[in-house]
Amino acid sequence: MTPPLVMLHGLLESPAVWQPLRAALDDPPCDAPPLPGHRGDAPILPEAEGLLQPDAALAQHMADRIAERSGGRPVQLIGHSLGGYLALMIAREHPELVERVLVVGAIHAGDCRKPVALRTRLVTGTPLVGPISAKVLMRRWLADTDRFAAWMTASIAPGERLRAVPDAMRRELATGCPRTARALAIWVRAQSALERFGDIEVPVTVVVCARDPVVPYAHQMALARALPFGVARIVDSGHLPMLTAPDRFARTVRAWLEDGQSAPSAGAEAGWALPADRAVPADRALPV
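Residues numbered from 1 in each chain as written. Predicted model: local features only at pLDDT ≥ 70, side-chain atom pairs only at ≥ 80, totals over all residues. Heavy atoms only, no water.

## Some details on the overall build of the protein chain
Line of reasoning, step 1. For the protein chain, the count of helices and strands is 12 helices and seven strands.
Line of reasoning, step 2. A burial count over the protein chain gives 55% of its 288 residues as buried.
Line of reasoning, step 3. For the protein chain, long-range pairs separated by at least 24 residues make up 78% of all intrachain contacts whose partners lie at least 6 apart in sequence.
Line of reasoning, step 4. For the protein chain, the accessible surface area stands at approximately 12,300 Å², while carbon and sulfur atoms represent 55% of it. (Helix = DSSP H or I, 4+ residues; strand = E, 2+ residues; numbered from the N terminus. Buried < 20%, exposed > 50% of the residue type's maximum accessible area, 1.4 Å probe, protein only. Contact = heavy atoms within 4.5 Å. Areas by Shrake-Rupley, 256 points an atom, 1.4 Å probe, with all protein chains shown as cover.)

Below, the structure is given as structure tokens:
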């Protein structure tokens, strides 16, 4: 029996970010739980405060949700950005619950080892102004589809364009809680788990987005190389391949679903695959 599929979205995304991928995969059975504050049915402050602690409480919460929905069966985990971080935490803490993992543009430290943008500092670093700024900025960002898409262009690479921006993601985020999303952003900035990820014993495929303006290439490769059972796949993409190249990204995921750790040859297309775009042990992955 095929293991259930679970998709974990990133910060300031929602489960609907996976809509283009799911459609391209012919809508397979899938669970896509929301992060705290990122949809109306997700945990919010003050009840969610216990999840945003230095330990693995949030990963435990997500693992409990996954186990409940899967009946305890091992699942196939896909995670993007912060969702990738949580997928790896779940794989480390609950290997019995995870068959294998695919992460995309994933982080191993919340600051990605790069300077923090002014807007991020304003929202997360000022206790008095921050909560108000988060509410105002999110309200403006989610006000209409054009502004929503325009804001997301900061996450794509030069020459890319957003081909699929699910309006359902904007609507889901609009039902969420800006205060909780801000608290989650603060929590993320404090995370660092590269050494802990070296204990993961399940197979992990790391899709490294080579032109990612959000999570630097070197940061993603450091993660891939830290995984004892990691395989790196380098693709010519910014941070959102599921939205800038949904069909090609779906072929990558479909091949992973069908072949496990083997390389998806269908992804080797001009404008997508790089010369180093193949599945290789992460400690031997070639730089671009």
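## Some points on the confidence of the model for the protein chain
Line of reasoning, step 1. Summary statistics for the protein chain give a mean pLDDT of 88 and a share of 87% for residues scoring 70 or more.
Line of reasoning, step 2. Low confidence marks residues 261-271, where pLDDT is under 50. Its contacts with residues over four positions away, or in another chain, come to 25 contacts.
Line of reasoning, step 3. A low-confidence stretch, residues 275-288 stays under pLDDT 50, and its non-local contacts, those more than four residues away or across chains, total 38 contacts. (pLDDT = per-residue confidence, 0-100.)

## A word on the pairing of strand β5 (residues 204-209)
For a regular strand, the rule is simple: side chains alternate between the two faces of the sheet.
Line of reasoning, step 1. Most of β5 is tucked away, with six of its six residues classed as buried.
Line of reasoning, step 2. Of the two faces of β5, the one carrying Val204, Val206 and Val208 and the one carrying Thr205, Val207 and Cys209 are both buried.
Line of reasoning, step 3. Judged from the four bridges that link them, strand β4 (residues 98-104) and β5 form a sheet pairing that is parallel. Paired with Val101 across the two strands is Val204, which belongs to β5.
Line of reasoning, step 4. Bridge analysis of β5 against strand β6 (residues 230-235) gives six bridges, and the strand direction is parallel. (Pairing = 2+ DSSP bridges.)

## A word on the pairing of β6
Line of reasoning, step 1. Among the six residues in β6, six count as buried, and that is most of the element.
Line of reasoning, step 2. Here β6 shows a buried face lined by Gly230, Ala232 and Ile234 and a second buried face lined by Val231, Arg233 and Val235.
Line of reasoning, step 3. Between the parallel elements β5 and β6, the chain passes through helix α10 (residues 217-226) in a crossover that is right-handed. (Right-handed = clockwise from strand over helix to strand, strands pointing away.)

## Examining the packing of aromatic side chains
Line of reasoning, step 1. The full count for this structure, using the stated rule, is four aromatic pairs.
Line of reasoning, step 2. Taken together, a centroid distance of 5.1 Å and an interplanar angle of 35° make the contact between Trp141 and Phe148 tilted. When sorted by exposure, Trp141 lands in the same class as Phe148, which is buried.
Line of reasoning, step 3. When the ring of Trp141 is compared with that of Trp151, the centres are 5.6 Å apart and the planes differ by 55°; the resulting orientation is tilted. In this pair, Trp141 is assigned in helix α5 (residues 129-141) and Trp151 in helix α6 (residues 145-152), connecting sequence segments 10 residues apart.
Line of reasoning, step 4. Overall, Trp141 belongs to the buried group, its relative accessible area being 6%.
Line of reasoning, step 5. The ring of Trp256 is capped by Arg100, whose NZ or CZ atom sits 4.4 Å from the centre of that ring. (Phe/Tyr/Trp six-rings, centres within 6.5 Å; stacked < 30°, edge-to-face > 60°. Lys NZ or Arg CZ within 6 Å of the ring centre and 35° of its normal.)

## Quick notes on helix α7 (residues 167-174)
Line of reasoning, step 1. Considered for burial, the residues of α7 that qualify are Ala168, Met169, Arg170, Glu172 and Leu173.
Line of reasoning, step 2. Of the surrounding elements, those touching the buried residues of α7 are α1 (19-24), α5 and α6.

## Description of the environment of Pro74
Line of reasoning, step 1. By the element assignment, Pro74 lies in the loop between α2 (57-70) and β3 (75-80).
Line of reasoning, step 2. On the accessibility criterion, Pro74 (32% relative accessible area) is partly exposed.
Line of reasoning, step 3. Along the sequence, Pro74 and Arg100 sit 26 residues apart, while their C-alpha atoms lie 8.6 Å from each other.
Line of reasoning, step 4. Residues in contact with Pro74, not counting those within four places in the same chain, are Pro3, Pro4, Glu96, Leu97, Val98 and Glu99.

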